[in-house]
Amino acid sequence: MMTYEEVMQNAKSQIGPYCKVCPVCNGRACGNQIPGPGAKGVGDVAIRNYEQWKKIRLNMDTICENTEPDTGITLFGEHYDYPFFAGPVGAMKLHYGEKYDDEAYNMILVSACREAGIAAFTGDGTNPAVFEAAAKAIKMNGGRGIPTVKPWNMDTIMEKLALFSDSGISAVAMDIDAAGLPFLKNMTPPAGSKTVEELSQIISEADIPFILKGIMTVKGAKKAWEAGASAIVVSNHGGRVLDQTPATAEVLEEIAEWNQGRMKILVDGGIRSGIDVFKALALGADGVLIARPFVQAVYGGGEEGVRLYVKKLGEELKDTMAMCGAKDIKSITRKMIWKG
């Protein structure tokens, strides 16, 4: 049996030259290094994502019923043991070295997440094999995963989604903000921004709960709702698509206040602990996505590394809930956190 600390230590020699496997994955050491886990431009968005969660403090309250907190949630008919998911990552060899291609990475991640009681969002890329590998992994795990497609043209999107026609998935996602990825410019097939009307057509054709990832404003949330999205992910793509944006923690609450339950809200960007997960839920999210640390967990310990990271996050979340008086996820409220 490994420890999580051993997983992280082992990842240092396995993950390639770009990711430094820092004690805290805060975006500082990798900066604006792309390929790799870094951010676009000067690279400060990934750093800001992490730091803004740390500025939010917890309101402790232990004068309450002494019960074991229930961390489970239900999303689109699927029960999960925790309100967090592995975020979508693709092009593994380009960004993280030669150890795993996309098929091998997804086989480990999707299976390990399912066994740990959560699910993985899988990635997409310019190479069709990336999405095909995701489809294979999710099918082999009984549909327990959420594929994330890039904003290609309509025909390409439909061809990709057809790979999941008999897989039993509960939802599909599109990282609409990927329109800003440098390597998607001038591609064949074409990829880029979509109008509300175009998204509406895609969502209608998909005929399954559709998640739009890359929403950073109330205006964007309204457009996602108009297009028929069932959920959004408040996300700036880890700072990889546009420099100088706000952190996700800075815009989440305003978006959630407008949303009022219209759509499910997920959030990503710099969330690194169960305490961060708690803060996101208190600000109005229904769940969170975490990407880079799951990559490190896979490279450092395979399926065991993923299970250890999920266990670590889950225990941190349970402890925070107990110390703030939340008996279950629905009990987490805005009053349980402090923003100066």
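Residues numbered from 1 in each chain as written. Predicted model: local features only at pLDDT ≥ 70, side-chain atom pairs only at ≥ 80, totals over all residues. Heavy atoms only, no water.

Undergrad: Please explain helix 1 (residues 4-11) as it appears in this structure.
TA: Since the α-helix packs 3.6 residues into each turn, any two residues three or four apart lie on the same face. The set of residues buried in helix 1 consists of Tyr4, Val7, Met8 and Ala11. In an axial view of helix 1, the angular spread of the buried residues amounts to 95°, which keeps them on one side of the axis. Set apart from the buried face of helix 1 by more than 90 degrees, the exposed residues are Glu5 and Gln9. Residues of helix 1 that are buried sit in contact with helix 11 (292-324). (Buried < 20%, exposed > 50% of the residue type's maximum accessible area, 1.4 Å probe, protein only. Helix = DSSP H or I, 4+ residues; strand = E, 2+ residues; numbered from the N terminus. Arc of directions from axis to C-beta. Contact = heavy atoms within 4.5 Å.)

Undergrad: Which parts of the structure should I look at to understand the sheet that holds strand 5 (residues 121-122)?
TA: Within a sheet, neighbouring strands are paired by backbone hydrogen bonds and run either parallel or antiparallel to one another. Read across the open sheet, the eight strands follow the order 4-11-10-9-8-7-6-5; overall the sheet is parallel. Each end of this open sheet is capped by a strand with a single partner; those strands are strand 4 (84-86) and strand 5. Relative to strand 10 (residues 264-267), strand 9 (residues 231-234) runs parallel, the two being bridged by four bridges. Bridged to Ala231 within strand 10 is Lys264. (Pairing = 2+ DSSP bridges.)

Undergrad: Would you take a moment to explain the packing of helix 2 (residues 44-55) against helix 9 (residues 248-259) for this structure?
TA: Two measures define how a pair of helices packs: the angle their axes make with one another and the distance between the axes. The contact between helix 2 and helix 9 brings their axes to 8 Å, and the two run at 65°. When helix 2 is examined against helix 9, the residues Arg48, Asn49, Gln52 and Trp53 are found in contact with a partner set consisting of Thr248, Ala249, Glu250 and Leu252. Partitioning the contact of helix 2 with helix 9 into residue classes produces three nonpolar, three polar and two charged. (Axes fitted to C-alpha atoms, helices over the stretch in contact; angles between N-to-C directions. Nonpolar A, V, L, I, M, F, W, Y, C, P; charged D, E, K, R; others polar.)

Undergrad: Before we go on, may I ask you to explain the packing of aromatic side chains in this structure?
TA: The description of an aromatic ring pair uses the distance of the two centres, along with the angle that the planes make with each other. For the coordinates displayed, the defined rule picks out eight aromatic pairs. With centroids separated by 5.1 Å and ring planes inclined at 10°, the aromatic side chains of Tyr82 and Phe84 adopt a geometry described as stacked. Residue Tyr82 shares its accessibility class with Phe84, and that shared class is buried. Taken together, a centroid distance of 4.9 Å and an interplanar angle of 80° make the contact between Tyr100 and Tyr299 edge-to-face. Taken together, the residues span a long stretch of sequence, with Tyr100 in the loop between helix 3 (92-96) and helix 4 (102-115) and Tyr299 in helix 11 at a distance of 199 residues. Comparing Tyr100 with Tyr299 shows no difference in burial state: the two are buried. Ring-pair connections join several aromatic residues into one group, and the members of that group are Tyr4, Phe294 and Tyr309. For Lys54, the ring lying beneath its charged end belongs to Tyr50, and the centroid distance is 4.4 Å. If you follow Arg262 out to its NZ or CZ, it ends over the ring of Trp258, 4.3 Å from the centre. (Phe/Tyr/Trp six-rings, centres within 6.5 Å; stacked < 30°, edge-to-face > 60°. Lys NZ or Arg CZ within 6 Å of the ring centre and 35° of its normal.)

Undergrad: Just to check I follow, could you spell out the side chain of Arg272 for this structure?
TA: Within the secondary structure, Arg272 sits in the loop between strand 10 and helix 10 (274-282). Here Arg272 sits buried without a salt bridge, and the closest side chain of opposite charge, Asp276, lies 6.9 Å off (N-O distance). Within polar-contact distance, the side chain of Arg272 engages the backbone oxygen of Cys25 at 2.8 Å. Those residues in contact with Arg272 that sit more than four places away from it in its chain are Cys25, Tyr50, Ile290, Arg292, Pro293, Tyr309, Lys312 and Leu313. (Lys, Arg positive; Asp, Glu negative; His and termini not counted. Salt bridge = Lys/Arg side-chain N within 4 Å of Asp/Glu carboxyl O. Polar contact = N/O pair within 3.5 Å; in protein donor to acceptor, adjacent residues only side chain to side chain.)

Undergrad: What am I meant to see in unusual backbone geometry here?
TA: Most peptide bonds take the trans configuration, and most residues that are not glycine carry a negative phi. Cis geometry marks the peptide bond from Ile34 to Pro35, where omega comes out at 10°. Here Pro35 is to be found in the loop between helix 1 and helix 2. The phi angle at Asp207 is positive, at roughly 55°, despite the residue not being glycine. Relative to the helices and strands, Asp207 resides in the loop between helix 7 (196-206) and strand 8 (210-215).

Undergrad: Sorry, what's going on with the packing of helix 4 against helix 11 here?
TA: Here helix 4 crosses helix 11 at 50°, and the two axes come no closer than 9 Å. With respect to helix 11, the axis of helix 4 lies oblique. Helix 11 is crossed by helix 4, and the crossing has left-handed handedness. Residues Tyr105, Met107, Ile108, Leu109, Ser111, Ala112, Cys113 and Glu115 of helix 4 form the contact with helix 11, whose own contacting residues are Phe294, Val295, Val298, Tyr299, Gly302, Glu303, Val306 and Arg307. In terms of residue class, the contact of helix 4 with helix 11 is made up of 11 nonpolar, two polar and three charged. (Parallel < 35°, antiparallel > 145°, perpendicular 65-115°, else oblique. Left-handed = near helix turned anticlockwise from the far one by under 90°.)

Undergrad: Which parts of the structure should I look at to understand the side chain of Arg292?
TA: One can find Arg292 in helix 11. Buried Arg292, no salt bridge; nearest opposite-charge side chain is Asp268, N-O distance 8.0 Å.

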